[in-house]
Amino acid sequence: MQPDDTVMPGIFVTFEGGDGAGKSTQIQQVKTWFEDRGFTVLVTREPGGTDLGLQLRHLVQNGPDDVDPRTEALLYAADRAYHVATVIRPALEAGYVVLGDRYVDSSVAYQGAARNLGVEEIRTLSTWATRALMPTLTFLLDLPPEVGARRRNGVPDRLERESTDFHERVRHEYLRLADEQADRIVVIDAVGTPAEVYSEIRGVLEERFANLSRPEPVTAKVCEEEATLFSSLGGVIL
């Protein structure tokens, strides 16, 4: 499938990595970095960036243990298709910076590699679901699974309860993707403190975006109902 050739003035940055890598903390730091430069920022996540996504998130993460891998992959694809159509694409068309906690790479790593459904098969499914929309930049917060497990708080969900071998396969695929798409995916060592991790991320931001002019918001592109959706669900518009 060829990428959608719609011109979108916004910037799409995603964050990937295993559990405990600190994605949420770093996303907030990056949000501030862009806002300090005058950009309007939307923070969202997968699954759960829409009302429908919240329901799918609950089903995937807290559903019965007999949810088979293909069902799991299709639930994620359904969430992503709706999320892109109703949240991400309208925001990019309006000139926002969109910061996403997980996206296509997660499905490729978790379902394609770790679930053994096939990397290319899952990539094709996600490409179709998103109309080939890919991020401008992806930060891969790399962390050994055993370190991530020690950082985890609360009751583990269905995916977090998977074996160390499962999470090692996820990590291995993430790193393979980074080698394959080095122009988009930047690997960040997530073992250090949040400040140390952000220092690496900030360096990449300054290299790639410091001279970028803030696009004028295309307010007609995002209706009042969409703005309400962004602010009340997984996304935050400021």
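In this text, all values refer to a predicted model and were calculated from it rather than measured experimentally.

### A word on the confidence of the model for the protein
Step number 1: In the predicted model, the protein carries a mean pLDDT of 86, and 84% of its residues have values of at least 70.
Step number 2: The model gives residues 219-238 a pLDDT under 50, and that stretch makes 43 contacts with residues more than four places away or in other chains.

### Overview of the pattern of salt bridges
Step number 1: Within the structure shown, the criterion is met by 14 salt bridges.
Step number 2: Of the charged contacts, one joins R171 and D142 as a salt bridge, the two residues approaching to 2.8 Å between their closest N and O atoms. Here the residue R171 occupies a position in helix α7 (residues 164-180), and D142 occupies one in strand β4 (residues 137-142), the gap between them amounting to 29 residues.
Step number 3: You can call D142 buried: its relative accessible area is 14%.
Step number 4: Ionic pairing is found between R202 and E206, a salt bridge with its closest N-O pair at 3.9 Å. In this pair, R202 and E206 are both assigned in helix α8 (residues 194-209), 4 residues apart and thus about one turn of the helix distant.
Step number 5: By relative accessible area, E206 is classed as partly exposed at 40%.

### Notes on the environment of I188
Step number 1: Among the secondary structure elements, I188 is positioned in strand β5 (residues 185-189).
Step number 2: With a relative accessible area of 1%, I188 lands in the buried category.
Step number 3: When the C-alpha positions of I188 and L140 are compared, they lie 5.9 Å apart, and in sequence the two are 48 residues distant.
Step number 4: Other than its neighbours up to four places away in sequence, I188 contacts F139, L140, L141, D142, V197, E200 and I201.

### Comments concerning α7
Step number 1: The terminal C-alpha atoms of α7, which comprises 17 residues, lie 24 Å apart, in line with the 24 Å expected from a rise of 1.5 Å per residue.
Step number 2: Those residues of α7 not exposed but buried are F166, H167, V170, E173, Y174, L177 and A178. The buried residues of α7 occupy an angular sector of 145 degrees when projected down its axis, which confines them to one face. The exposed set on the far side of α7, more than 90 degrees from its buried face, consists of T164, H172 and D179.
Step number 3: If you follow the buried residues of α7, they end up packed against β1 (11-16), α4 (104-114), α5 (119-130), β4, α6 (145-151) and β5.

The rules behind each value
Residues numbered from 1 in each chain as written. Predicted model: local features only at pLDDT ≥ 70, side-chain atom pairs only at ≥ 80, totals over all residues. Heavy atoms only, no water. pLDDT = per-residue confidence, 0-100. Contact = heavy atoms within 4.5 Å. Salt bridge = Lys/Arg side-chain N within 4 Å of Asp/Glu carboxyl O. Helix = DSSP H or I, 4+ residues; strand = E, 2+ residues; numbered from the N terminus. Buried < 20%, exposed > 50% of the residue type's maximum accessible area, 1.4 Å probe, protein only. Expected span 1.5 Å × (residues − 1). Arc of directions from axis to C-beta.

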